[in-house]
Each structure stands twice: as C-alpha cells, then as structure tokens.
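Here are the chains, one letter per residue:
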Amino acid sequence: MVSSWSEKIQKKREARHEAIPTTWRIPAEVLAVLKTPIEGHKNNIIELDLVRKSGVLTGHELDITEKYTVEQLLCALASGALTAVEVTVAYSKRAAVAQQLVNCLTETYFEQALGRAKYLDGLRAQGQLAGPFHGLPISLKDSFQVAGSQATLGVVSYLDHMSECNSPLVDVLLSLGAVVYVKTNVPQTLATVDTDNNIFGRTVNPWNTMLGAGGSSGGEGALVALRGSPLGVGTDVGGSIRIPSLCCGTYSFKPTASRVPYGGQKNCTEPGMDFMLPSAGPLSHDINSLDIFMRLVINAEPARFDSSVIDVPWRDLPDPPETQLRIGLLPEDPRFPLHPTVKHTMNEAVHKLRAQGHTTIPLDLQKCHIADATETAWKFFMIDDAAYKHVEAGEEPLVPSVVCTHEMARNLAYEFIPDVNNHDRLSRLAVFRTMRALIIDDWRKIWIDQKLDLVLAPSAQSTAVKHDKFGLPAYTTLTNVLDYPSCVIPFRRAETKACPDGIEIRPGQTVPKYEPDDVEGAPTSVQVFTRSMRDEECLHFAQIVDGCLRGSP
C-alpha cells in the first residue's frame, strides 16, 4: 500500500511516463545538447529546434502542427484534406515531445483520442461532421475534469480522487466535435503564478528554461508555445491565462466571467467562497483562433450544460473598412513599477498605434486603482484557507512559489483597504465588496468621460523571470477585479540593449528583480481590455491592434 507522499508522486510520475509510447520518446543524444539542470540554465528549446530534431514526428506531422492555423485545420478536417487521425496523432506526438522537453503535461489520453479520431473519420466518410470543431485536438488545464482520470491540481491529497464526470466545458467541446488528448500542468493549489508542484514538478519556459512559464495555466502556455496544441483552454482569476501567455509568447483571452463554462472544475477553495469569479478561456498561436473558440463555444448554448453560464449569445459586430480607435493608456503604478523591457514594448506599441491614426489618451493613475485592485483581490483570496488544508492533508510541503507569493501578499502595504482585523469574516467580506464596487464605479466613469473604445496596458511588470520570482500580477488582476474581458497580444522579444536603464526599487514597491542578461530574448507583449460583457468588442479591437503591431513602423 502506498503510504508516504513521495511514494505516491513517484507512482504518478511513472504512470505519466509510461503513457508515452516508446517510439515517441526523444533519443538521449538529442537531449544531450541541453545544459542541465535545465531550470538553472538558459536553453532555448524553440531555437534549438529540438521538436524536429527528436525525429518523433514525420515531415507531414511537422507540417500539420506548424503550418496550419486553427481555422485552416478546421477547413482541412471538414473537407477531408486532413483526417482526424492524422491531426490527432500529429498533435499527440508533439505534445509527448513537449512534455519531455519542458514538463508541461499531467494527464494524457492518447489511445482514447485516437479512438475518437477514428470515429470522427467514420462520420465524415458517411458525409457527416460531428460539429464545427470536428477532429480538432484541444488541450485542457489540469483543473478541468475528464471522467475516469484525475485532476490533482498538483496536490498530493487529490491523488486519491478520480473524476466521475466531465466538466461542462469538456462536454461542450466534445459536442462540437473536438478531440481531448492531454491535460496540462499547474502550480500546487493553483494559488501562484509559477507552475511547480510536488507531483509533476516544474514546467519550464520553452524560450529560456531558466525562466518561468507563468501560471497557473503554465502547462498550457508552454505546450501552445511549442505548438503541441493548436488551441488550449486555461482558467484565470488573477491572470492565470494571460501570464503563461505573456511568458511563453502566445495569444490569449480572458473572457468576462461566466461567458464560457467554468462549472465542474476541480479546485482547492471552500464551496461558496468564490467572491471573485474565475474565467475559462483560450490560448493559441493567432488572434483569430481566440475568436473562433469564443464564437463556437458560446453559440453552442453552454447554459444547457452549465447553470452558472450567462445565457447570452455571441454578437456579430459590424466591421467597417477603417476604424480609428480611442485607446486609453493604463499608466505605470509606482507601487508596481515596470521593467525597462516592458516600458520599451509599451512605447513601441503606442508609437505604432498613433502612426496608424488611432488616438491614445493617458489615464489618471489615481482613478485606475491598479494597486488598489491588487489589495482588494488578495483580501478576497485570503479569506479562504482551504488550499492550505488540502496540502496539509497530503502531508507534503508547500512549494517555494506558493510560500513566496503568499508572503508577498501578506506583507503588502494595504493603503486602500481599511484595517478590518477586528471584524468577523462576514463583516470583512462586506468591506472588501464595498471597496471593489468603488473601483468598478470609478472605471465606469473613465469609459464615459474619456469616450474610450479600449484600454492598452502592460501585460505585467515584467517578461518571464527566474523561477518562483514573478510575484503579484497587478496588471492582470485589475481586470479580474473589474470583471473585464482582456486579451494578451505577443509583440516582439526583449531587447535589453534598447532599454539600458535599470530599475531602482524604492520602499513600498513590489517588483521582480530585473536581470537583463537573463531576460534577453524573452517574449514581450501588450494587453488590451474593454468593459464587462463586451467580449466581442475586445477581440474585435484586439485584432485591429494586432494588425497595427504587425505592420510597418
């Protein structure tokens, strides 16, 4: 009988490894080029081209995973130019290779996925399609439940649990014809933005393995960056879709809460303590794929599967030939200062947008409540200590990033939230809700007074940084407090020589350490957001911004 937590995790890791067919394993001589331990050395998995050099994928399978957008894959699958088996095997192989390189998977369903692909090909042979996602492999964050497998969240005590039914979103995706083939790694309890846990270990960044992949959907970010998934699904209550995206150089979208089914998740919270609602949303290689995911999922009437979904259809927006946008510029908050690479990226983006005729309006720092929103969010989070109890139940230690992040949150200077230490829990909650409402109302006034279409913001204070050092994600948490839809758009790579200034940390400031040599070449990005329930506009405007950023200077 398995007794100690270390024996339990060893058994789980062995099962994960054995699920990878021997013919899909990377030869030792290919792995030998990596400097080890990889989390302590700068290895660029992508530029080393190790997926191709592994020899696991055929030339045709490499083309399937590298040369098709989601839209192109769906067209090829519908027309029969590609079979579901071809596409499923290609992405299953590539996901297996990605796992061996960056440690991004938790559960694999390769045999089941192949069986489903064969079924879908049989349907098409009869002139039928299962749905608009017919034959498309879609990866899922570990928190989504798939019947007959586990959703451990990197928590040892959950190794005794087996999912009895699918999360509603899984059923929605299957009803649309998708193929579920892998689930991806997360931080212990989901309660930090560095993907590491005692069961599966650390996910590393494919652009630089000594940097974090972000979290809590870090496995998704790394897998998508390595093109081991055409379309991944994460969740976000403080930046957990967008942080892996910005760290790993992908596109991502955090919808308004409850537009995409979130119900039926495995979580570490006490039931009924979800005072800030998480969102489920997509990560992919191009911005159009995000729109496809949102459109198809919402048009599937997901409220039929999940009672927590807002039952509102996706709106089709007019697409005028030329749109000049009024773009609010989120200011830098001195309590959460930006790295020079992030400032440079923002300046370059603003320059490009202005050159295309868009109007940019600097916003008032005090009214934007960036630091105030971080205070508010962490006060909500810290009401619930259930996650610690789940870790204690497994007799395992907390991983360093959980310890570090939660210590930073406890030590934050709470200047906006009043002292409520002498209040009972219900009274504290009432205060936090009141302060959140103040932030939301001030933002209502910003939209009206400035007549904004959208806001351009830093995705974070930094690019990906060294493991366990990302800290409190103020620039993503803001839109969770506001419940605004938000899109991360990759834009260039960090050029530290173009921004030679360092960063001086003053008392009261919270910022990851800036180490130029380490972050050179890391993906950089911007974030855009709109008002709540304006998800359609957010993606529409994000596509315009993306087009500007990819255009000529």
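Small disclaimer: the values here were computed from a predicted structure and weren't measured.

### Examining the overall build of the protein
Along the protein, the regular secondary structure elements total 20 helices and 13 strands. Relative to the compact-globule value of 24 Å for 553 residues, the protein shows a C-alpha radius of gyration of 22 Å, a close match. C-alpha atoms of the protein, sized along the principal axes, occupy 60 × 60 × 50 Å. For the protein, the proportion of its 553 residues judged to be buried stands at 60%. Split by element, the accessible area of the protein, about 21,300 Å² in all, is 51% carbon and sulfur. For the protein, the centre of its 53 positive side-chain charges and the centre of its 65 negative side-chain charges are spaced 2 Å apart.

### Here's the deal with helix 6 (residues 84-102)
Taking 1.5 Å per residue, 19 residues should reach 27 Å; helix 6 reaches 26 Å between its end C-alpha atoms and fits that length. For helix 6, the tally of buried residues reaches 16 of 19 residues, placing the bulk of the element in the interior. Looking one or two residues past helix 6, N103 carries a phi angle of roughly 60 degrees, positive in sign.

### With respect to the sheet that holds strand 2 (residues 137-141)
Judged by pairing direction, the sheet is mixed, and its 11 strands sit side by side in the order 1-3-2-6-8-7-12-13-11-9-10 without closing on themselves. Both outer strands of the open sheet, strand 1 (105-108) and strand 10 (359-362), are each paired with one neighbouring strand and no more. Within the sheet, the average angular offset between the axes of one strand and its neighbour, ignoring direction, is 30 degrees. Pairing between strand 9 (residues 326-329) and strand 10: 4 bridges, direction parallel. Directly across from L329, in strand 10, lies its bridge partner P362. Each of strand 1, strand 2, strand 3 (179-184), strand 6 (231-236) and strand 8 (279-284) is contacted by helix 9 (residues 218-225), which is oriented at about 120 degrees to strand 3, the strand it contacts most. Contacts from helix 11 (residues 287-299) reach strand 6, strand 7 (251-254), strand 8 and strand 12 (486-493) within the one sheet, and its direction differs from that of strand 8 by about 140 degrees.

### Looking at the UniProt feature "binding site: substrate" (unreviewed entry) in the protein
When the UniProt feature table is mapped onto this chain numbering, "binding site: substrate" (unreviewed entry) sits at L190, S216, V237, G238, G239 and S240. A stretch of 51 residues holds the annotated residues, and the largest C-alpha distance among them is 11.3 Å, short enough that they meet in one place. Residue position: L190 is located in the loop between strand 3 and strand 4 (204-205). Ignoring any residue separated from it by four or fewer positions in sequence, one finds L190 in contact with K141, S143, L153 and S216.

### Some words on the pairing of strand 11 (residues 454-457)
Residue alternation in strand 11 divides its side chains into two sets, L454 and L456 and V455 and A457, and both sets are buried. Both strand 9 and strand 11 contribute to a ladder of 3 bridges, which runs parallel. Bridge pairing in strand 11 links L329 to L456.

### Examining the packing of aromatic side chains
With the rule as written, the count across this model stands at 9 aromatic pairs. Aromatic pair W443 and W447: ring centres 6.2 Å apart, planes at 50 degrees, arrangement tilted. Of the two residues, W443 and W447 both sit in helix 17 (residues 425-450), 4 residues apart, roughly one turn of that helix. Residue classification places W443 among the buried residues on the basis of a relative accessible area of 0%. Their ring planes at 65 degrees and their centres at 5.6 Å tell us that W443 and F529 sit as a pair that is edge-to-face. A residue pair is termed long-range when its members are at least 10 positions apart, and W443 in helix 17 and F529 in strand 13 (residues 523-529) qualify at 86 residues. Here F529 falls in the buried class, since its relative accessible area comes to 0%. One aromatic cluster is present, formed by W443, W447, Y484 and F529 through successive ring pairs.

### So, the state of the cysteines
Under the defined criterion, the tally for this structure stands at 0 disulfides. Lacking any disulfide linkage, C247 is separated from the closest cysteine sulfur, that of C248, by 6.1 Å. For C247, a relative accessible area of 1% corresponds to the buried category.

### A closer look at the domain arrangement of the protein
Along its sequence, the protein is carved into domain 1 (5-304) and domain 2 (326-550). Of note, the centres of domain 1 and domain 2, computed from C-alpha atoms alone, are 25 Å apart. Summed over both partners, the interface of domain 1 with domain 2 buries about 5,200 Å², with 58% contributed by carbon and sulfur atoms. Taken together, domain 1 and domain 2 are joined by 5 salt bridges. Note that E536 and R259 form a salt bridge whose closest N and O atoms lie 3.0 Å from each other.

### Side note on unusual backbone geometry
Across the junction of T36 and P37, the peptide omega takes the value -10 degrees, indicating a cis bond. Mapped onto the elements, P37 comes out in the loop between helix 2 (28-31) and helix 3 (50-53). For the bond running from G215 to S216, omega is 10 degrees, close enough to zero to count as cis. On the secondary structure map, S216 appears in the loop between strand 5 (208-212) and helix 9.

### Topic: the packing of helix 11 against helix 20 (residues 535-550)
How two helices pack is summed up by the angle between their axes together with the distance between the axes. In the contact formed by helix 11 and helix 20, the axes pass within 10 Å of each other and the chain directions differ by 165 degrees. As judged from the angle between their axes, helix 11 and helix 20 are roughly antiparallel. Taken as a pair, helix 11 and helix 20 cross one another with a handedness that is left-handed. Contacts between helix 11 and helix 20 involve I287, N288, L290, D291 and M294 from the first element and D535, L539, A542, Q543 and D546 from the second. Tallied by class, the residues present in the contact of helix 11 with helix 20 amount to 5 nonpolar, 2 polar and 3 charged.

Analysis parameters
- Residues numbered from 1 in each chain as written.
- Predicted model: local features only at pLDDT ≥ 70, side-chain atom pairs only at ≥ 80, totals over all residues.
- Heavy atoms only, no water.
- Helix = DSSP H or I, 4+ residues; strand = E, 2+ residues; numbered from the N terminus.
- Rg over C-alpha atoms; globule rule 2.2 N^0.38 Å.
- Buried < 20%, exposed > 50% of the residue type's maximum accessible area, 1.4 Å probe, protein only.
- Areas by Shrake-Rupley, 256 points an atom, 1.4 Å probe, with all protein chains shown as cover.
- Lys, Arg positive; Asp, Glu negative; His and termini not counted.
- Charge placed at Lys NZ, Arg CZ, Asp CG, Glu CD.
- Expected span 1.5 Å × (residues − 1).
- Pairing = 2+ DSSP bridges.
- Axes fitted to C-alpha atoms, helices over the stretch in contact; angles between N-to-C directions.
- Contact = heavy atoms within 4.5 Å.
- UniProt positions renumbered as here; feature names shortened; annotations may be inferred.
- Phe/Tyr/Trp six-rings, centres within 6.5 Å; stacked < 30°, edge-to-face > 60°.
- Disulfide = S-S within 2.5 Å.
- Domains from an automatic or database assignment.
- Buried area = accessible area lost by both parts, 1.4 Å probe.
- Salt bridge = Lys/Arg side-chain N within 4 Å of Asp/Glu carboxyl O.
- Parallel < 35°, antiparallel > 145°, perpendicular 65-115°, else oblique.
- Left-handed = near helix turned anticlockwise from the far one by under 90°.
- Nonpolar A, V, L, I, M, F, W, Y, C, P; charged D, E, K, R; others polar.

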